[in-house]
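Topology and contacts: notes
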Amino acid sequence: MSEVKMIGVVGGGQMGSGIAQVAAMHGVDVFLHDLDPQALSKASSSISSSIHRLVSKATLSQAAGADALKRLHFTTDLEDFHMADFIIEAIVESEDVKKSLFVKLDKIAKSSAILASNTSSISVTRIASSTTRSSQVIGMHFMNPPPVMKLIEIVRGADTSDETFAVTKALSERLGKIVITSKDYSGFIVNRILMPMINEAFFALYAGVATKEDIDTGMKLGTNHPMGPLELADFIGLDVCLSIMRVLHAGLGDNKYAPCPLLVQYVDAGRLGRKRGIGVYEYSKEPRSTKS
Ligand code: 3HC
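As recorded by an unreviewed UniProt entry, the protein chain carries the name 3-hydroxybutyryl-CoA dehydrogenase and is attributed to Sphenostylis stenocarpa. Annotation of the protein chain in UniProt includes, under Pathway (unreviewed entry), the sentence "Lipid metabolism; fatty acid beta-oxidation."

Next up, the structure:
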């Protein structure tokens, strides 16, 4: 396949809009799709305020900022993706919902297009099995927030071709990211290691070992993590953490991955983290350290 000129991103949430911003800032034309026009308008204003902030800090020139904004197109119509060379799905972490989207993308996308999933833990092989082009399906796992985090974890499904891998790696590097490669086992590399640590922090809180503040300070100052595990769980979303723990538990079949009852209870109570204003911590309307 020749160079990727246009990408489609599905999902106007934090990850999808961050991925679209990164691509537009690195010279790629982007269509960002969401079914909800309000989600798209929120994504559009968060991307433009993030780009304006970079321009005001002189991290990006005025011309580069204006070019990036021109490369971004917002759509509620998935059919607009028929021109895309590369499509990245960044929707809810549910296997059924992802599979039904991939069935649609497989019909809409041109035959040479690669279909990538920003899956956090769900099997790329199983997502690919819902399409007629499993050799052109791959996992492309960005970290949150995509404009800041340096890593992309590429996950090869059972049928992913060498060409699909090479194009995805080249695109990731063009977006300024460092690539690691994982086989398609639950949680891949990062979430297989990160989520049990977060889950263990919930167990420590549940057992009354320490306060939430001391657990977070311990890991921040004791191990130089930018955020403590409970603060990070609020940032990622407790519902996302729980669904990843459930995938690890089901896929790796070991009780050490069983989600902590306190994490389950918080999610049941709707305490989903920053996006809801309450998780392990309570938040005022302005988020504490991210700006989009
Ligand atoms: N978009 C663009 N830029 C952003 C941003 C965003 N959403 N959030 C923060 N930034 C920028 C800021 O503008 C600032 O830039 P500057 O240094 O040039 O001024 C810089 O990042 C630092 O931001 P802040 O000063 O606001 O706040 P912090 O210093 O606390 O940094 C953080 C925020 C980058 C989120 C940092 O706390 C951090 O790295 N936290 C850990 C994040 C992490 O671990 N992510 C991975 C989660 S796991 C995952 O994503 C996998 C998934 O599958 C669950």
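Don't stop here, the text continues.
Right, let's talk about the packing of helix α8 (residues 212-223) against helix α9 (residues 229-236) for a bit. Axis separation between α8 and α9 bottoms out at 7 Å; the angle between their running directions is 100°. With respect to each other, α8 and α9 are oriented roughly perpendicular. Each of Lys212, Ile215, Asp216, Met219 and Lys220 in α8 lies in contact with α9, whose residues at this interface are Pro229, Leu230 and Glu231. Residues belonging to the contact of α8 with α9 are distributed by class as follows: four nonpolar, no polar and four charged.

According to the stated counting rule, one finds 13 salt bridges in the structure shown. The salt bridge involving Asp106 is made with Arg133; its shortest N-O contact spans 2.7 Å. Highlighted residues: Asp106 in helix α4 (residues 95-108) and Arg133 in the loop between α5 (124-128) and β6 (137-142), separated in sequence by 27 residues. Considered together, Asp106 and Arg133 belong to a single accessibility category, that of buried residues. With its nearest N and O atoms 2.7 Å apart, the salt bridge here joins Asp162 to Arg156. On the basis of relative accessible area, Asp162 is assigned to the exposed category, the value being 57%.

Looking at the protein chain, the domain boundaries give domain 1 (6-183) and domain 2 (193-276). Centre-to-centre, using C-alpha coordinates, domain 1 lies 27 Å away from domain 2. At the junction of the two partners, domain 1 supplies seven residues and domain 2 supplies four residues. Of the roughly 470 Å² buried between domain 1 and domain 2 on both sides combined, carbon and sulfur atoms contribute 66%.

This part takes up the confidence of the model for the protein chain. This prediction gives the protein chain a mean pLDDT of 95; 97% of its residues lie at or above 70. The model gives residues 287-292 a pLDDT under 50, and that stretch makes 12 contacts with residues more than four places away or in other chains. With pTM at 0.94, the complex prediction returns an ipTM value of 0.94.

We now examine the UniProt feature "domain: 3-hydroxyacyl-CoA dehydrogenase C-terminal" (unreviewed entry) in the protein chain. Residues given the UniProt feature "domain: 3-hydroxyacyl-CoA dehydrogenase C-terminal" (unreviewed entry) here are residues 187-283. Taken end to end, residues 187-283 comprises 62% helix and 0% strand; its first and last C-alpha atoms sit 29 Å apart.

Below, the discussion takes up the UniProt feature "binding site: CoA" (unreviewed entry) in the protein chain. In this numbering, the UniProt entry assigns the feature "binding site: CoA" (unreviewed entry) to Ser50, Lys57 and Ser120. Their sequence span is 71 residues, while the largest C-alpha to C-alpha distance among them is 31.8 Å; these annotated residues do not converge on one region. Examined against the element boundaries, Ser50 turns out to sit in helix α2 (residues 37-56). Assessed through its relative accessible area of 6%, Ser50 is described here as buried. Following the sequence through the fold, Lys57 ends up in the loop between α2 and α3 (62-71). With relative accessibility at 53%, the residue Lys57 sits in the exposed group.

Topologically, Phe142 is positioned in strand β6. On the accessibility criterion, Phe142 (2% relative accessible area) is buried. The spacing of Phe142 and Lys177 is 35 residues in sequence and 9.3 Å in space, taken between C-alpha atoms. Leave out the neighbours within four places in its chain, and Phe142 touches Met15, Ile19, Ile88, Asn118, Leu151, Ile152 and Leu175.

Another point: the nonpolar core. With 36 residues, the main nonpolar core has Ile7, Val30, Phe86, Ile88, Met140 and Phe142 as its most contacted residues. Within the second largest apolar cluster, 29 residues are counted, among which are Ile198, Ile215, Cys241 and Met245.

Next up on the list: the packing of aromatic side chains. Taken as a whole and assessed by the stated rule, the structure comprises two aromatic pairs. Ring geometry for Phe202 versus Tyr266: centroids 6.2 Å apart, planes at 80°, classification edge-to-face. Here Phe202, found in helix α7 (residues 190-206), pairs with Tyr266, found in helix α11 (residues 261-268); they are 64 residues apart in sequence, far enough to count as distant. For Phe202, a relative accessible area of 0% puts it in the buried group. Judged by centre distance (6.4 Å) and plane angle (65°), the rings of Phe203 and Tyr206 are edge-to-face. With Phe203 and Tyr206 both in helix α7, this residue pair falls three residues apart, about one helical turn. A relative accessible area of 28% means that Phe203 is categorised as partly exposed. Take Tyr206: its relative accessible area is 48%, and that puts it in the partly exposed class. Seen from the ring of Tyr266, Arg271 lies directly overhead, with NZ or CZ sitting 4.3 Å from the centre.

Rules behind the numbers
Residues numbered from 1 in each chain as written. Predicted model: local features only at pLDDT ≥ 70, side-chain atom pairs only at ≥ 80, totals over all residues. Heavy atoms only, no water. UniProt positions renumbered as here; feature names shortened; annotations may be inferred. Axes fitted to C-alpha atoms, helices over the stretch in contact; angles between N-to-C directions. Helix = DSSP H or I, 4+ residues; strand = E, 2+ residues; numbered from the N terminus. Parallel < 35°, antiparallel > 145°, perpendicular 65-115°, else oblique. Contact = heavy atoms within 4.5 Å. Nonpolar A, V, L, I, M, F, W, Y, C, P; charged D, E, K, R; others polar. Salt bridge = Lys/Arg side-chain N within 4 Å of Asp/Glu carboxyl O. Buried < 20%, exposed > 50% of the residue type's maximum accessible area, 1.4 Å probe, protein only. Domains from an automatic or database assignment. Buried area = accessible area lost by both parts, 1.4 Å probe. pLDDT = per-residue confidence, 0-100. Core = buried A, V, L, I, M, F, W, Y, C linked by side-chain atoms within 4.5 Å. Phe/Tyr/Trp six-rings, centres within 6.5 Å; stacked < 30°, edge-to-face > 60°. Lys NZ or Arg CZ within 6 Å of the ring centre and 35° of its normal.

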